[in-house]
Amino acid sequence: MESETRTGKVKFYNEQKGFGFITVEADNRDYFVHATGLLDRITKDDRVEFTLAENERGQKAVNVKKINS
């Protein structure tokens, strides 16, 4: 089940391994992001918009796309 759209900043992303973390601006929480959840290519410090989806370990960022600053 997906939730509302959130914004955040890419804290870390390893393109070779295909995963990283996004920090939500509103509450400073970090969420896992996997390459399969990306709509755009991302790198550290990019501002992004995304939704959260449940997985076996909790919530992860999906439908991740870059937004202009």
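Residues numbered from 1 in each chain as written. Predicted model: local features only at pLDDT ≥ 70, side-chain atom pairs only at ≥ 80, totals over all residues. Heavy atoms only, no water.

Engineer: Explain the packing of aromatic side chains here, please?
Structural biologist: Think of a pair of aromatic rings as described by two things: how far the centres are apart, and how the planes are tilted against each other in angle. Counting across every chain of the model gives three aromatic pairs. Ring geometry for F19 and F32: centres 6.0 Å apart, planes at 20°, overall stacked. Remark: F32 occurs in strand 3 (residues 30-34) and F19 occurs in strand 2 (residues 19-24); sequence separation between them is 13 residues. Overall, F32 belongs to the partly exposed group, its relative accessible area being 29%. When the centroid spacing of 5.9 Å and the interplanar angle of 75° are considered together, the rings of F21 and F32 count as edge-to-face. (Phe/Tyr/Trp six-rings, centres within 6.5 Å; stacked < 30°, edge-to-face > 60°. Helix = DSSP H or I, 4+ residues; strand = E, 2+ residues; numbered from the N terminus. Buried < 20%, exposed > 50% of the residue type's maximum accessible area, 1.4 Å probe, protein only.)

Engineer: Sorry if this is basic, but what is going on with the sheet that holds strand 3 here?
Structural biologist: Strand order in the closed barrel made by the five strands is 1-2-3-5-4, with mixed pairing throughout. Strand-to-strand twist across the sheet, computed as the mean angle between neighbouring axes with direction ignored, equals 50°. Bridge count between strand 3 and strand 5 (residues 58-66): two bridges; the pairing is parallel. Residue pairing for strand 5: F32 is matched across the bridge by K60. (Pairing = 2+ DSSP bridges. Axes fitted to C-alpha atoms, helices over the stretch in contact; angles between N-to-C directions.)

Engineer: I would appreciate a short explanation of the side chain of D46 in the present structure.
Structural biologist: Inspection of the secondary structure assignment puts D46 in the loop between strand 3 and strand 4 (47-55). Relative accessible area serves as the criterion here: at 16%, D46 is assigned to the buried category. Separated by 2.8 Å, the side chain of D46 and the backbone nitrogen of T43 make a polar contact. Residues within four places of D46 in sequence aside, it is in contact with G8, K9, V10, R41 and K66. (Polar contact = N/O pair within 3.5 Å; in protein donor to acceptor, adjacent residues only side chain to side chain. Contact = heavy atoms within 4.5 Å.)

Engineer: Got a minute to help me understand the nonpolar core in this structure?
Structural biologist: Among the nonpolar cores identified, the biggest contains 12 residues, and these are V10, Y13, I22, V24, Y31, V33, I42, V48, F50, L52, A61 and V64. Those elements that provide at least two residues to this core are strand 1 (6-14), strand 2, strand 3, strand 4 and strand 5. Broken down by element, the residue count for this core peaks at three residues, all from strand 4. V24 has contacts with T7, G8, R29, Y31 and F50, leaving out every residue within four places of it along the chain. (Core = buried A, V, L, I, M, F, W, Y, C linked by side-chain atoms within 4.5 Å.)

Engineer: What is the right way to look at the environment of G58 in this model?
Structural biologist: With respect to the helices and strands, the residue G58 is situated in strand 5. Through-space distance from the C-alpha of G58 to that of K11 is 18 Å; in sequence the pair is 47 residues apart.

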